[in-house]
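Single-letter residue listing:
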Amino acid sequence: MSYKCFLNKGSQLSKEDREFYELKNRAAEYYRANGVPQKMEDVLNLMFYEKPDDVYGYLANYFSRFSTPPMIYRLLGKEVYDGKGEPTVQADVVCITKNEEKIVSSAVISSPDAVQDYSVQDASVFDDDAKRKDSVLTALQWINESLTTMLKGYEPADQAGVDKLLSDFFAARSLEEQDRKSREKEEQQLSESLPEATPPPMPPTASKDKKTSAKGKKNNHQEKPIPPAEPPEQECPKEFHIPLPMVTLLSCGKSSPGKLNLMDEIILIPKPGQRFKQNFKILLELRSEMGRIMKCASKTGPVPNTISDSGALVVGYDRFEQPLDLITETVSSLGLTLGTDIHLAVNCAAHKLMDYQKGKYEVSIGTSKSPDEMVDMYVELTSRYPGVIALIDPLRKEDREQWDKLYTTIGHRCYLLAEFALKPICSHLNEDSLAMAGINGLVLKQTNHTTVCDLIEVTKQMEGKRYITVTGTTDGEPCDDALSDLAVGLGVRFVKLGGLRRGERVTKYSRLISIEEELAQQGILGSTEELEFNLPCEETRD
């Protein structure tokens, strides 16, 4: 029955019904004039001409599809390049939002330099381009095929559930790889033990098919996991603070042109209590002023302009006093005080300095020191330069006795942080105690061996034991700013992103400035005065 038929039956319609149908008629004319989806035509017909009493259920069903929370629909794996120009992997998460596909999240994995073992003499295994490309292709296949099937239908905010599924998946792949290597080793040993007259083993092709079939069965079983229990809701922090930046200014390490090997990175740390943007501008001024001073002091040639992978200026010196004196002069020329307005950290990268034939650290060309002599050297360095409030990897993790001795001597005035000397995060999660003798804190990195849930759990453990947390980058860092959001979300004390040059570094600093502005607008930006340098005593660390 049409709307006009209702109007012709004026005696049967009350005043309220007449106003109601006039309102609906105006709405119908509007939608016809402006165009509506085909489905909405059915709604209008029900509403205005056929069964107005049934339209509410129809509308509820129609619009409910637009109000459902987004769910993971598929993953998109892409090959991109990191800060060294090496191939790496980017993963995009595609969700169904309002009945449309939309990329809601994207991340790029860092280069795996954080897991290199520098005790291995032959470093060529880490530079095998063919092996790296093969790993990237394998990761892309997993992302676009197996992981897409496994994660379809998951809530994108279910971080714990997704991390658990991914961890199980990679653990299964690791076991398969171990089994494959074990079988190949057994076949090789069997082949070597057989006499020459013995017929050769089965052709590789048949064996490969068999393995592929078995592997396929495992994958099918893995792709239908039981969904994990929903994690308990966590209370959102009332405010967030921006971590203090640890900005790499100079690199005087083993790859520098001078004799000095010890100082892989000399890092600036601004004082707490100021906005991140303000600190960033001060650090930029310090970098420019240092360049001016070096130019004026240079009489033998131009100022070096080589930039390290971490975005720092590579300079050549013979003694550790030279770069520290340069920075002291630079800070003073801007009217600042080293140790009050600006502090220093030194990344010693001791794992790169060990001469395994001599059993000593080669701190500079022609000068080697035993682990005990290294402790004495650090005591002298921090005494002469009290502005140095942190040493990163002053020793290898194997020198536990010297770590403890160094902590006892200078731990009350200087942070001793483990980065490459850090044990794998998974080992910390499996231990009852996170304690490692002789450290104040850890530099955590998100690599392809670490999930977000791992970082959250380790950060919580460290807070309970009064350690400080630092979120760091790798040498082959990609141009992805997700690490900045992660550092703020974890609530770490410092963030170590490298120097003020190279796009992959500056991008992350710019993102931190944006986060600070967003938090300030929302009224939930915490003060950095809470990040005061409160070095714990040995007896109060437990």
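Analysis parameters
Residues numbered from 1 in each chain as written. Predicted model: local features only at pLDDT ≥ 70, side-chain atom pairs only at ≥ 80, totals over all residues. Heavy atoms only, no water. Axes fitted to C-alpha atoms, helices over the stretch in contact; angles between N-to-C directions. Helix = DSSP H or I, 4+ residues; strand = E, 2+ residues; numbered from the N terminus. Left-handed = near helix turned anticlockwise from the far one by under 90°. Contact = heavy atoms within 4.5 Å. Nonpolar A, V, L, I, M, F, W, Y, C, P; charged D, E, K, R; others polar. Pairing = 2+ DSSP bridges. Core = buried A, V, L, I, M, F, W, Y, C linked by side-chain atoms within 4.5 Å. Buried < 20%, exposed > 50% of the residue type's maximum accessible area, 1.4 Å probe, protein only. Salt bridge = Lys/Arg side-chain N within 4 Å of Asp/Glu carboxyl O. Phe/Tyr/Trp six-rings, centres within 6.5 Å; stacked < 30°, edge-to-face > 60°.

Colleague: Is there a simple way to think about the packing of helix α8 (residues 276-297) against helix α9 (residues 321-333) in this case?
Modeller: A pair of packed helices is captured by two measures, namely the crossing angle of their axes and the spacing between those axes. Their axes nearest at 9 Å, the elements α8 and α9 cross at an angle of 115°. Considering the relative orientation of α8 and α9, their crossing is right-handed. Residues Leu286, Glu289, Met290, Ile293 and Met294 of α8 pack against Leu326, Glu329, Thr330, Val331 and Ser333 of α9. By residue class, the composition of the contact of α8 with α9 is 6 nonpolar, 2 polar and 2 charged.

Colleague: Hey, could you run me through the sheet that holds strand β9 (residues 360-364) in this one?
Modeller: Within a beta sheet, neighbouring strands are joined by backbone hydrogen bonds and run either parallel or antiparallel to one another. An order of β8-β9-β10 is seen for the 3 strands of this open sheet, with the pairing classed as antiparallel. Pairing within the sheet leaves two strands with one partner each, and these edge strands are β8 (354-355) and β10 (367-369). Running over the sheet, helix α10 (residues 371-384) touches β9 and β10 and is turned about 105° from β10.

Colleague: I would appreciate a short explanation of the nonpolar core in the present structure.
Modeller: Taken as a class, soluble globular proteins show a tendency for nonpolar side chains to be buried jointly. Ranked by size, the top nonpolar core spans 77 residues in total, and within it Leu250, Leu262, Met263 and Leu391 carry the most contacts. Among the elements that take part in this core, α8 stands out by supplying 7 residues, more than any other. Leaving out residues up to four positions away in the same chain, Leu391 has contacts with Val346, Cys348, Tyr378, Thr382, Ile410, Cys414, Tyr415, Leu416 and Leu417.

Colleague: Where do I start with the side chain of Thr469 in this structure?
Modeller: Inspection of the secondary structure puts Thr469 in strand β14 (residues 468-472). Those residues in contact with Thr469 that sit more than four places away from it in its chain are Leu442, Thr459, Met462, Val492, Arg493 and Phe494.

Colleague: Any chance you could explain the pattern of salt bridges here in plain terms?
Modeller: Pairing is possible between side chains of opposite charge, provided their charged atoms come close. Taken as a whole, this structure holds 23 salt bridges when the rule is applied. Between Lys508 and Glu477 there is a salt bridge, and its shortest N-O distance comes to 3.5 Å. Residue Lys508 is found in helix α15 (residues 503-522), and its partner Glu477 is found in the loop between β14 and α14 (482-490); the two are separated by 31 residues along the sequence. On the basis of relative accessible area, Lys508 is assigned to the buried category, the value being 0%. We classify Glu477 as buried; its relative accessible area is 4%. The structure contains a network of salt bridges with shared partners spanning Glu265, Glu419, Lys445 and Lys496.

Colleague: Honestly, the pairing of strand β5 (residues 262-270) in this entry has me stumped. Any pointers?
Modeller: In regular strands, side chains alternate between the two faces of the sheet. Within β5, 9 of the 9 residues are buried, which leaves the element mostly enclosed by the surrounding structure. Alignment of strand β4 (residues 244-253) against β5, held across 5 bridges, turns out to be antiparallel. Within β5, the residue paired with Gly253 across the bridge is Leu262. In this structure, β5 lies alongside strand β7 (residues 342-347), joined through 6 bridges in antiparallel fashion. The partner of Glu265 across the bridge, within β7, is Asn347.

Colleague: Would you mind going over the packing of aromatic side chains with me for this structure?
Modeller: Each aromatic ring pair is summarised here by two numbers: the centre-to-centre distance and the angle between the ring planes. Here the structure, examined in full by the defined rule, presents 7 aromatic pairs. Both rings, one in Trp142 and one in Phe170, keep their centres 5.8 Å apart while their planes meet at 45°; by these two values the pair is tilted. Linking Trp142 in helix α5 (residues 129-151) with Phe170 in helix α6 (residues 159-193), this pair joins segments that are 28 residues apart in sequence. Residue classification places Trp142 among the partly exposed positions, given a relative accessible area of 26%. Phe170 gets classed as partly exposed once you look at its relative accessible area, which sits at 37%. Of the aromatic side chains, those joined through ring pairs into one cluster are Trp142, Phe169 and Phe170.

Colleague: Looking at this model, I keep getting lost on the sheet that holds strand β1 (residues 71-81). Mind explaining?
Modeller: Strand order in the open sheet formed by 3 strands is β1-β2-β3, and the pairing between neighbours is antiparallel. Both outer strands of the open sheet, β1 and β3 (100-108), are each paired with one neighbouring strand and no more. Strand after strand, the sheet turns through a mean of 25° between neighbouring axes, direction not considered. With 10 bridges connecting them, β1 and strand β2 (residues 87-97) associate as antiparallel partners. By the bridge assignment for β2, Tyr81 is matched with Pro87. Taken strand by strand, α5 contacts β1 and β2, and its axis lies near 170° from that of β1.

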